[in-house]
Amino acid sequence: MKRLLFLLILIGLFCSLFFSSAYAQVQVRLRVIHASNAGSNVDPALRDLHKELGSLFSFTSYHLMRDETLNLSLNQTASISAHEGRIILEATLVGLHRNVAEIRLRVVREGTEILNTQVRLFPGRTILVGGPRHRRGGVVIYALYARF
Amino acid sequence: MEKYFDQEVTGEERVLVEGHLRGCPACRDTLKSLEELSTSIKVPVEQAVQKEDFPWVWQKIEREIRLQKKPTWWKSLRSWIEVSPLLKRKVWIPAVATVVVLLFITAQIIFKQTPSYPDASVVEYVESPTDNVMVYHLEKPKVTIIWVFDEPAKDQTTS
């Protein structure tokens, strides 16, 4: 009887730890934007960001290249390539709290790391990572937003 | 004679009594009077029973039962614990304690009670081995910009 009880407790411990780590997940919306001064087109899909982009940057054209929703688990890395694979953004969830997601971001351009940062995504806050040059002119901007 | 009338005699005694009754008119009269007495009592009792409203009596009893005070949940639990032989065993005490600790640990892992970093910065660190980096925070709208000055830099800078 005691052995059986001990075994049940061990199974319970294992299951609870397994499920708690398995369900620690956050949903991150990641948009890859090509910003340039060629024309004055703003992608309709960026309507919600247009005001912010317009007030922050002096580009006249914004084109949405990719719109991804990443379901990140702890220590899981998602790679998003842009610009025909020349620029890659790697996002790794390194910490998850009740309403804060800690994410490590690496931007790699043609095999060279150009940015390594760790950010905290709060509800309602957008993080824009920009600067890598696009071959057709302009720059690439990543917009990250976490959904809790 | 009363025993015979009440059917409390043995078979042998009954045969003897019935044999005697055939030849004894006095005893037959006694038996007859006993039968008449029994009938005179039985008939009014049966009539009274027929008149009595038993469902109403039962309703009254039920109402009395319902009015009795219900035991509190704590008393019920205690009585259940006292009855249940499993819970009398002390092995359940460490088991329950372990489950409570497990639940606490699991809740800590799932929710990570450190609530919301009210004053914490959005950018924990930023580095670039090749370019200059600027970090800019805006509160309205809530935007944080990390900008890599992707220029052919002559000297490598880390911000």
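Residues numbered from 1 in each chain as written. Chains lettered and ligands numbered in written order. Predicted model: local features only at pLDDT ≥ 70, side-chain atom pairs only at ≥ 80, totals over all residues.

S.K.: What exactly am I supposed to notice about the overall build of chain A here?
M.R.: Counting its regular elements, chain A contains two helices and eight strands. Secondary structure elements of chain A occur, N-terminal to C-terminal, as α-β-α-β-β-β-β-β-β-β. In chain A, which comprises 148 residues, the share counted as buried stands at 30%. (Helix = DSSP H or I, 4+ residues; strand = E, 2+ residues; numbered from the N terminus. Buried ≥ 20, exposed ≤ 12 C-beta atoms within 10 Å, placed from the backbone.)

S.K.: Teacher, can you tell me more about the confidence of the model for chain A here?
M.R.: A low pLDDT score tells you not to read the predicted coordinates there in detail. Summarising the model, chain A shows a mean pLDDT of 84, and 85% of its residues fall at 70 or more. For chain A, helix α1 (residues 2–22) of chain A is the element with the lowest average pLDDT, namely 62, and strand β5 (residues 101–109) of chain A is the one with the highest, namely 92. (pLDDT = per-residue confidence, 0-100.)

S.K.: Mind showing me how you'd approach helix α2 (residues 11–23) of chain B here?
M.R.: Because the α-helix completes a turn every 3.6 residues, residues three or four places apart line up on one side. For α2 of chain B, with 13 residues, the first-to-last C-alpha span of 19 Å sits near the 18 Å given by 1.5 Å per residue. Of all the 13 residues making up α2 of chain B, zero are buried; the element is thus mostly uncovered. (Expected span 1.5 Å × (residues − 1).)

S.K.: Please explain the pairing of strand β3 (residues 143–149) of chain B as it appears in this structure.
M.R.: Within a regular strand, the side chains alternate between the two sheet faces. Among the seven residues of β3 of chain B, six are classified as buried, and the element is accordingly described as predominantly covered. By the bridge criterion, five bridges tie strand β7 (residues 126–133) of chain A to β3 of chain B in an arrangement that is parallel. Opposite I127 of chain A, over in β3 of chain B, you have T144 of chain B as the bridge partner. Between strand β2 (residues 132–138) of chain B and β3 of chain B, which pair antiparallel and follow one another directly, the connecting turn spans four residues. (Pairing = 2+ DSSP bridges.)

S.K.: Explain the confidence of the model for chain B here, please?
M.R.: All names here are of chain B. Taken as a whole, chain B shows an average pLDDT of 78; of its residues, 79% reach a score of 70 or greater. In the model of chain B, helix α6 (residues 85–88) stands out as the element of lowest mean pLDDT, 62, in contrast to α2, which has the highest, 90. Scored below 50 in pLDDT, residues 153–159 makes 13 contacts in the model with residues more than four places away or belonging to other chains. (Contact = placed C-beta atoms within 7 Å.)

S.K.: Help me out: how do you make sense of the pairing of strand β3 (residues 77–82) of chain A in this one?
M.R.: All names here are of chain A. Pairing geometry for β3 and strand β4 (residues 87–96), over six bridges, is antiparallel. Looking at the pairing, I80 lines up with L89 of β4. What sits between the antiparallel neighbours β3 and β4 is a turn of four residues, in which H83 has the positive phi angle 55 degrees.

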